[in-house]
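For reference, the chains in residue letters:
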Amino acid sequence: MLQLQVIRDNREEITKALNKRKIDADSLLNNVLQLDEKRRDTQTKLDATLAESNKLSKEIGGLFKSGKAAEATILKEKTGALKEESKQLGDDLNSIAEELQNLLYQIPNVPHDSVPTGTSEDDNEEIFKEGTIPVLDSDALPHWELAKKYDIIDFELGVKIAGAGFPVYKGKGARLQRALISYFLDKNTAAGYTEIQVPHLVNEASGYGTGQLPDKEGQMYHITADDLYLIPTAEVPVTNIFRDVIANKDEFPICYTGYTPCFRREAGSYGAHVRGLNRLHQFDKVEIVRVEHPENSYAALDGMVEHVKDILRELNLPYRVLRLCSGDLGFTAALTYDFEVFSTAQDRWLEISSVSNFEAYQANRLKLRFKDENGKSQLAHTLNGSALALPRVLAGILENCQTANGIKIPEVLVPYCGFDTID
RNA sequence: GGAGGAAUGGCAGAGUGGUCGAAUGCACCAGUCUUGAAAACUGGCGAGGGUCACACCUCCGGGGGUUCGAAUCCCUCUUCCUCCGCCA
């Protein structure tokens, strides 16, 4: 959520930047500012009324104490009207504040200067590419065929137990998955991230804190009996650790990494592009989350990008890095880099990581602040990234590392797997 | 799931209807003293709104109510503790 004060002070620039997202920023901000003015106006009136009745109450108290009950009774009558008035103003204020809040929830984050203008993923900007795309035999298979051939992932079984998009990993497939999780966590902790295990269900407040609610209500599985949501990413529980926190600036940077399953409804997506591991309702992901001083957040973002590159380099997978355009940029992000692995057998790029700086957008919702040099509260910046999302990395490994004699496990994973070939 | 108790500032902990945003201690910050540090002393020290700055307003787990007036009384929800039940 954008800060009202910031909107008031930088209306021009914010309008211009938000327009990159193809929304009618001008009228949106106009409504916000009008409501904000109305809110302050009502607040001022309410404050004056309350001040008046506070004053009267004190006088009445004094009169009672000095035994002048008769005079007190007269004053009491005067408070009735004030009470009614403040009740009315209070109701007004609440409904205005609520309306304002709802409006603010509808405004996405302001894209960073470097974000290219665009309407879809086709306009994303490729900024880096590394690794060699292997030349496979003409009989090379896509990962879902390989999964069947080596009996390491059973999609049909998942359908029986839960439904489409819930695969069952078996034998070396399950082991490879576990190996990847361990490897990622080790890499992340070596880079200074503290490993953490968090709940996989979150409450409504947490959903609002990181911005999944109200924007992406339909994307999350909602357990109505207890009003909890299955997490779509570890970002939600991990970042919400800092909800209502005033950190000490000396604690920065705060770095966490956590493995969780992720649950996404992905309503309405079927077809060839969602075959196999390409898109699932449940998948595993290792996430990195940082809380940063605002001055340092973009340096931190660069550092996270380098970190993910390092992992992909070690896995020896061909990948590229994209700077998301305004049309593809997430609602809450100011700048996002996507990582994609090339799926040789499918002849397409698969997103395997998304690294974002949210600046103060989430912090504002979370009320995540720190004391600056002058002892004043300031919003911190939050960032996160996948390091990494499992299924498509797995798909990439299966497809790119297939040989006539089986799938050759990347060297760094062998100690974690306990085997070097799936055959 | 049942019975009882509790929830106050970063922490600990007073406060049971009136000038309490809240004693006191610890922690923290600044100053004095000191070669420096510690100790001691002095001052400061919650958050949000509002204002050029004051004033002023709101917040004592959340929400609602009683009252001229609520941290204090009532209702309700949440969480924690103790006991019972169930259980990996």
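Rules of the game
- Residues numbered from 1 in each chain as written.
- Chains lettered and ligands numbered in written order.
- Predicted model: local features only at pLDDT ≥ 70, side-chain atom pairs only at ≥ 80, totals over all residues.
- Heavy atoms only, no water.
- Axes fitted to C-alpha atoms, helices over the stretch in contact; angles between N-to-C directions.
- Helix = DSSP H or I, 4+ residues; strand = E, 2+ residues; numbered from the N terminus.
- Parallel < 35°, antiparallel > 145°, perpendicular 65-115°, else oblique.
- Left-handed = near helix turned anticlockwise from the far one by under 90°.
- Contact = heavy atoms within 4.5 Å.
- Nonpolar A, V, L, I, M, F, W, Y, C, P; charged D, E, K, R; others polar.
- Disulfide = S-S within 2.5 Å.
- Expected span 1.5 Å × (residues − 1).
- Buried < 20%, exposed > 50% of the residue type's maximum accessible area, 1.4 Å probe, protein only.
- Pairing = 2+ DSSP bridges.
- Near = heavy atom within 4 Å.
- Polar contact = N/O pair within 3.5 Å; in protein donor to acceptor, adjacent residues only side chain to side chain.
- Domains from an automatic or database assignment.
- Core = buried A, V, L, I, M, F, W, Y, C linked by side-chain atoms within 4.5 Å.

A.B. asks: Just give me the short version of the packing of helix 7 (residues 171-190) against helix 12 (residues 390-400), but keep the residues and values in it.
C.D. replies: Running from N to C, helix 7 and helix 12 point in directions that differ by 115°, and their axes come no closer than 11 Å. Classed by the angle they form, the pair helix 7 and helix 12 counts as roughly perpendicular. For the pair helix 7 and helix 12, the crossing hand works out as right-handed. The residues of helix 12 that touch helix 7, namely those facing Leu176, Gln177, Leu180, Ile181 and Phe184, are Leu390, Val393, Leu394 and Ile397. Split by residue class, the contact of helix 7 with helix 12 holds 8 nonpolar, 1 polar and no charged.

A.B. asks: Go over the state of the cysteines, please, and point to the residues and values.
C.D. replies: Applying the stated rule across the entire model yields 0 disulfides. Free of any disulfide, Cys401 has its nearest cysteine sulfur in Cys417, 11 Å distant.

A.B. asks: Just give me the short version of helix 3 (residues 25-65), but keep the residues and values in it.
C.D. replies: Relative to the 60 Å expected for 41 residues at 1.5 Å per residue, helix 3 spans 58 Å between its end C-alpha atoms, a close match to the ideal helical length. Backbone geometry just downstream of helix 3 places Gly67 in the positive-phi region, at approximately 75°.

A.B. asks: Can you explain the pairing of strand 10 (residues 282-292)? Please cite residues and give values.
C.D. replies: Across the 11 residues that make up strand 10, a large majority, 10, are buried. Relative to strand 10, strand 9 (residues 254-263) is paired through 10 bridges, and the arrangement is antiparallel. Directly across from Cys255, in strand 10, lies its bridge partner Arg290. Summarising the sheet, strand 10 and strand 16 (residues 381-389) pair through 7 bridges and their orientation is antiparallel. In the sheet register, Glu287 faces strand 16, and the bridge partner there is Ser386.

A.B. asks: Give me the lowdown on the sheet that holds strand 14 (residues 369-371), citing residues and values where you can.
C.D. replies: The strand order across the open sheet built from 3 strands is 8-14-15, with neighbouring strands paired in mixed fashion. For this open sheet the edge positions go to strand 8 (246-248) and strand 15 (377-379), each flanked by a neighbour on one side alone. The mean inter-strand angle of the sheet, taken between neighbouring strand axes irrespective of direction, is 40°. Of the strand pairs in this sheet, strand 8 and strand 14 are connected by 3 bridges, and their pairing is parallel. Pairing of Asn248 across the sheet is with Lys371, part of strand 14.

A.B. asks: I'd like a description of the protein's contact with RNA strand B, backed by residues and values.
C.D. replies: Taken together, 19 residues are adjacent to RNA strand B, and Arg40, Asp47, Ser57, Arg369 and Lys371 come closest. Protein-proximal atoms of RNA strand B, defined as those within 4 Å of the protein, fall in sugar or phosphate at a share of 73%. At a separation of 3.2 Å, a sugar or linking oxygen of RNA strand B approaches a polar side-chain atom of Arg39. Within the contact set of RNA strand B, a phosphate oxygen lies 3.1 Å away from a side-chain nitrogen or oxygen of Asn54. No other element matches the 11 residues that helix 3 contributes to the surface near RNA strand B. Taken together, the residues of the surface near RNA strand B break down into 5 nonpolar, 6 polar and 8 charged.

A.B. asks: Lay out the domain arrangement of chain A with the relevant residues and their values.
C.D. replies: The assigned domain composition of chain A is domain 1 (4-105) and domain 2 (121-422). Using only C-alpha atoms to locate each centre, domain 1 and domain 2 end up separated by 43 Å.

A.B. asks: Got a sec to walk through the nonpolar core? Specific residues and values, please.
C.D. replies: For soluble globular proteins, nonpolar side chains are generally found buried alongside one another. By size, the foremost hydrophobic cluster in this structure holds 61 residues, and its most contacted members are Leu180, Phe184, Leu312, Phe339, Val393 and Leu413. The residues contacting Phe339, other than those within four sequence positions of it, are Val305, Val308, Lys309, Leu312, Tyr319, Arg320, Val321, Leu350, Glu351, Ile352, Ser353 and Val355.

A.B. asks: Quick rundown of unusual backbone geometry? Include the residues and the values.
C.D. replies: Excluding glycine, residues mostly carry a negative phi; peptide bonds, for their part, are mostly trans. Here Leu213 and Pro214 are connected by a cis peptide whose omega angle stands at -5°. Looking at the secondary structure, you find Pro214 in the loop between helix 8 (204-210) and strand 6 (222-223). The phi torsion at Asp151 lies on the positive side, around 55°, for a residue other than glycine. Tracing the sequence through the fold places Asp151 in the loop between helix 5 (143-149) and strand 2 (153-154). Accessibility expressed as a relative area gives 43% for Asp151, which makes it partly exposed. At Lys367, a position not held by glycine, the phi torsion is positive, near 60°. Here Lys367 shows up in the loop between helix 11 (361-366) and strand 14. By relative accessible area, Lys367 is classed as partly exposed at 45%.

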